[in-house]
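# Inside the fold
Residue strings, one per chain:
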Amino acid sequence: MVLVVLGAVALLAAYAALFDEPWWQAPLRSGLIGVVVALVLNWQLRRQPRLPLRLTDEALHLTGPKGTGLSIDWVNMAGAQVRGRLDPRLVVRPLDPEQTRPPMRPGQWSTPGRGPYELVVRLTWMTPGPDALRRELARRLPTT
(Lines give C-alpha, C1' and ligand atoms only; values in the text may rest on other atoms or scores of the structure.)
Protein backbone atom coordinates (compact mmCIF):
# COMPACT_ATOMS: atom_id res chain seq x y z
CA MET A 1 0.00 0.00 0.00
CA VAL A 2 2.89 2.33 0.75
CA LEU A 3 4.31 1.70 -2.72
CA VAL A 4 0.95 2.53 -4.28
CA VAL A 5 0.76 5.82 -2.41
CA LEU A 6 4.37 6.71 -3.30
CA GLY A 7 3.69 5.83 -6.94
CA ALA A 8 0.55 7.99 -6.97
CA VAL A 9 2.45 10.94 -5.48
CA ALA A 10 5.19 10.54 -8.10
CA LEU A 11 2.63 10.40 -10.92
CA LEU A 12 0.84 13.44 -9.50
CA ALA A 13 4.09 15.42 -9.35
CA ALA A 14 5.04 14.39 -12.89
CA TYR A 15 1.58 15.32 -14.19
CA ALA A 16 1.69 18.74 -12.50
CA ALA A 17 5.16 19.46 -13.89
CA LEU A 18 4.41 18.17 -17.39
CA PHE A 19 1.13 20.01 -17.93
CA ASP A 20 1.97 23.07 -15.79
CA GLU A 21 -1.22 22.79 -13.73
CA PRO A 22 -1.79 23.04 -9.99
CA TRP A 23 -1.26 19.69 -8.28
CA TRP A 24 -4.83 19.54 -6.95
CA GLN A 25 -6.46 19.55 -10.42
CA ALA A 26 -5.11 16.07 -11.29
CA PRO A 27 -6.76 14.24 -8.35
CA LEU A 28 -9.97 16.20 -8.96
CA ARG A 29 -10.05 15.13 -12.62
CA SER A 30 -8.99 11.56 -11.80
CA GLY A 31 -11.58 11.34 -9.04
CA LEU A 32 -14.35 12.37 -11.43
CA ILE A 33 -13.20 9.80 -13.99
CA GLY A 34 -12.97 7.17 -11.24
CA VAL A 35 -16.53 7.84 -10.11
CA VAL A 36 -17.84 7.49 -13.66
CA VAL A 37 -15.91 4.24 -14.19
CA ALA A 38 -17.15 2.85 -10.86
CA LEU A 39 -20.78 3.68 -11.72
CA VAL A 40 -20.52 2.04 -15.15
CA LEU A 41 -18.81 -1.05 -13.68
CA ASN A 42 -21.45 -1.33 -10.97
CA TRP A 43 -24.22 -1.09 -13.58
CA GLN A 44 -22.58 -3.80 -15.70
CA LEU A 45 -22.08 -6.15 -12.77
CA ARG A 46 -25.72 -5.76 -11.72
CA ARG A 47 -26.74 -7.10 -15.12
CA GLN A 48 -24.83 -10.34 -14.46
CA PRO A 49 -26.76 -13.30 -13.12
CA ARG A 50 -26.54 -13.28 -9.32
CA LEU A 51 -25.51 -16.93 -8.98
CA PRO A 52 -23.00 -17.77 -11.72
CA LEU A 53 -22.38 -21.20 -10.20
CA ARG A 54 -23.70 -23.67 -7.68
CA LEU A 55 -21.94 -26.72 -6.23
CA THR A 56 -23.81 -29.89 -5.34
CA ASP A 57 -22.58 -33.34 -4.34
CA GLU A 58 -23.11 -34.59 -7.91
CA ALA A 59 -22.26 -31.67 -10.19
CA LEU A 60 -21.13 -28.12 -10.83
CA HIS A 61 -24.04 -26.02 -12.12
CA LEU A 62 -23.12 -22.91 -14.14
CA THR A 63 -25.17 -19.99 -15.37
CA GLY A 64 -23.99 -18.76 -18.72
CA PRO A 65 -24.75 -16.07 -21.22
CA LYS A 66 -28.38 -14.91 -21.29
CA GLY A 67 -29.21 -17.04 -18.23
CA THR A 68 -28.58 -20.39 -19.91
CA GLY A 69 -27.63 -23.22 -17.57
CA LEU A 70 -25.07 -26.01 -17.77
CA SER A 71 -24.32 -28.88 -15.40
CA ILE A 72 -21.06 -30.83 -15.35
CA ASP A 73 -20.77 -33.92 -13.16
CA TRP A 74 -17.67 -34.05 -10.95
CA VAL A 75 -16.59 -37.32 -12.62
CA ASN A 76 -16.75 -35.54 -16.01
CA MET A 77 -14.44 -32.71 -14.91
CA ALA A 78 -11.03 -32.52 -16.62
CA GLY A 79 -10.11 -29.47 -14.58
CA ALA A 80 -11.48 -26.49 -12.72
CA GLN A 81 -9.27 -23.70 -11.49
CA VAL A 82 -9.80 -20.24 -10.03
CA ARG A 83 -7.41 -17.81 -11.70
CA GLY A 84 -6.62 -14.21 -10.89
CA ARG A 85 -6.78 -12.15 -7.72
CA LEU A 86 -8.09 -8.75 -8.80
CA ASP A 87 -10.49 -10.14 -11.41
CA PRO A 88 -11.04 -13.76 -10.35
CA ARG A 89 -12.42 -16.20 -12.90
CA LEU A 90 -13.29 -19.87 -12.76
CA VAL A 91 -11.92 -21.83 -15.73
CA VAL A 92 -13.59 -25.22 -16.27
CA ARG A 93 -12.84 -27.98 -18.80
CA PRO A 94 -15.14 -31.01 -19.10
CA LEU A 95 -13.72 -34.42 -20.06
CA ASP A 96 -16.58 -35.21 -22.43
CA PRO A 97 -18.64 -32.20 -23.60
CA GLU A 98 -21.39 -34.56 -24.77
CA GLN A 99 -21.95 -35.72 -21.17
CA THR A 100 -22.77 -32.24 -19.85
CA ARG A 101 -26.40 -31.23 -19.37
CA PRO A 102 -27.28 -29.91 -21.94
CA PRO A 103 -24.50 -31.21 -24.24
CA MET A 104 -21.99 -28.51 -25.13
CA ARG A 105 -21.31 -27.43 -28.70
CA PRO A 106 -17.80 -26.26 -29.71
CA GLY A 107 -17.31 -22.58 -28.87
CA GLN A 108 -20.73 -22.28 -27.21
CA TRP A 109 -19.35 -21.12 -23.88
CA SER A 110 -15.72 -20.38 -24.69
CA THR A 111 -14.11 -17.00 -25.21
CA PRO A 112 -11.66 -16.10 -28.00
CA GLY A 113 -8.18 -17.48 -27.42
CA ARG A 114 -9.38 -20.43 -25.34
CA GLY A 115 -10.19 -24.02 -26.19
CA PRO A 116 -13.57 -24.78 -27.79
CA TYR A 117 -14.88 -26.44 -24.61
CA GLU A 118 -13.23 -24.26 -21.97
CA LEU A 119 -15.67 -22.30 -19.80
CA VAL A 120 -14.81 -19.04 -18.05
CA VAL A 121 -17.05 -17.69 -15.29
CA ARG A 122 -16.42 -14.27 -13.72
CA LEU A 123 -16.38 -14.39 -9.92
CA THR A 124 -16.26 -10.67 -9.15
CA TRP A 125 -18.15 -9.88 -5.93
CA MET A 126 -19.17 -13.51 -5.49
CA THR A 127 -19.85 -14.64 -1.96
CA PRO A 128 -18.48 -16.48 -0.03
CA GLY A 129 -15.50 -15.68 -2.31
CA PRO A 130 -12.88 -17.15 -4.65
CA ASP A 131 -10.76 -18.57 -1.80
CA ALA A 132 -13.69 -20.63 -0.50
CA LEU A 133 -14.33 -21.85 -4.05
CA ARG A 134 -10.65 -22.85 -4.42
CA ARG A 135 -10.87 -24.92 -1.23
CA GLU A 136 -14.13 -26.55 -2.32
CA LEU A 137 -12.75 -27.44 -5.76
CA ALA A 138 -9.61 -28.90 -4.18
CA ARG A 139 -11.82 -31.04 -1.93
CA ARG A 140 -14.10 -32.27 -4.73
CA LEU A 141 -11.70 -32.76 -7.64
CA PRO A 142 -9.13 -35.55 -7.78
CA THR A 143 -5.53 -34.38 -7.67
CA THR A 144 -3.43 -35.13 -10.73
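Up top you'll find the structure we're talking about.
First things first, this report covers the structure right here in the doc.

Quick notes on the rules
- Residues numbered from 1 in each chain as written.
- Predicted model: local features only at pLDDT ≥ 70, side-chain atom pairs only at ≥ 80, totals over all residues.
- Heavy atoms only, no water.
- Patch = residues over 30% accessible without salt bridge, like charges linked within 9 Å, V, L, I, M, F, W, Y side chains within 5 Å.
- Areas by Shrake-Rupley, 256 points an atom, 1.4 Å probe, with all protein chains shown as cover.
- Salt bridge = Lys/Arg side-chain N within 4 Å of Asp/Glu carboxyl O.
- Helix = DSSP H or I, 4+ residues; strand = E, 2+ residues; numbered from the N terminus.
- Buried < 20%, exposed > 50% of the residue type's maximum accessible area, 1.4 Å probe, protein only.
- Polar contact = N/O pair within 3.5 Å; in protein donor to acceptor, adjacent residues only side chain to side chain.
- Contact = heavy atoms within 4.5 Å.
- Pairing = 2+ DSSP bridges.
- Axes fitted to C-alpha atoms, helices over the stretch in contact; angles between N-to-C directions.

### Topic: a nonpolar patch on the surface
Taken together, Val 2, Leu 3 and Leu 6 make up a surface patch of nonpolar side chains, about 360 Å² in accessible area. Topologically, Leu 3 is positioned in helix H1 (residues 2-19). A relative accessible area of 71% means that Leu 3 is categorised as exposed.

### Digging into the side chain of His 61
With respect to the helices and strands, His 61 occurs in strand E2 (residues 59-63). Only 2.6 Å separates the side chain of His 61 from the side chain of Ser 71, close enough to count as a polar contact. Those residues in contact with His 61, other than ones at most four positions away along the chain, are Pro 52, Leu 53, Arg 54, Thr 56, Leu 70 and Ser 71.

### Here's the deal with the pattern of salt bridges
In the structure shown here, the tally under the stated rule is eight salt bridges. The residue Asp 131 makes a salt bridge to Arg 134 at a minimum N-O spacing of 2.9 Å. Of the two residues, Asp 131 and Arg 134 both sit in helix H3 (residues 130-140), three residues apart, roughly one turn of that helix. What emerges from the salt-bridge pattern is a single network uniting Asp 57, Glu 136, Arg 139 and Arg 140.

### As for the environment of Ala 80
Relative to the assigned elements, Ala 80 resides in strand E4 (residues 77-83). In this structure, the C-alpha to C-alpha distance between Ala 80 and Val 92, residues 12 residues apart in sequence, is 4.3 Å. Setting aside anything within four residues of it in sequence, one finds Ala 80 in contact with Leu 90, Val 91, Val 92, Leu 137 and Leu 141.

### Re the sheet that holds strand E6 (residues 119-122)
If you walk across this open sheet you meet the three strands as E4-E5-E6, and the pairing is antiparallel. The open sheet is flanked by E4 and E6, the only strands paired with a single partner. Neighbour to neighbour, the strand axes of the sheet diverge by 15° on average, direction disregarded. Where E4 lies against strand E5 (residues 89-94), six bridges are found, and the strand directions are antiparallel. The residue bridging Ala 80 from the neighbouring strand is Val 92, located in E5.

### A few points about the sheet that holds strand E1 (residues 53-55)
Taken in spatial order, the three strands make up an open sheet running E1-E2-E3, and their pairing is antiparallel. The open sheet has two free edges, formed respectively by E1 and strand E3 (69-73), since each of these has just one partner strand. Along the sheet, successive strands turn relative to each other by an average axial angle of 15°, direction set aside. In the sheet, E2 pairs with E3 via five bridges, with the strands oriented antiparallel. Residue Ala 59 lies in a different strand from E3, and its bridge partner there is Asp 73.

### A closer look at the pairing of E5
Between E4 and E5, which pair antiparallel one after the other, the connecting turn spans five residues, and Gly 84 there sits at a positive phi close to 90°. Strand direction decides the pairing type here: E5 and E6, joined by four bridges, are antiparallel. In the sheet register, Val 91 faces E6, and the bridge partner there is Val 120.

### Describing the side chain of Asn 76
Within the element layout of this structure, Asn 76 appears in the loop between E3 and E4. There is a polar contact of 2.8 Å between the side chain of Asn 76 and the backbone nitrogen of Asp 96. Those residues within four positions of Asn 76 in sequence are excluded, and the remaining contacts are Pro 94, Leu 95, Asp 96, Gln 99 and Thr 100.

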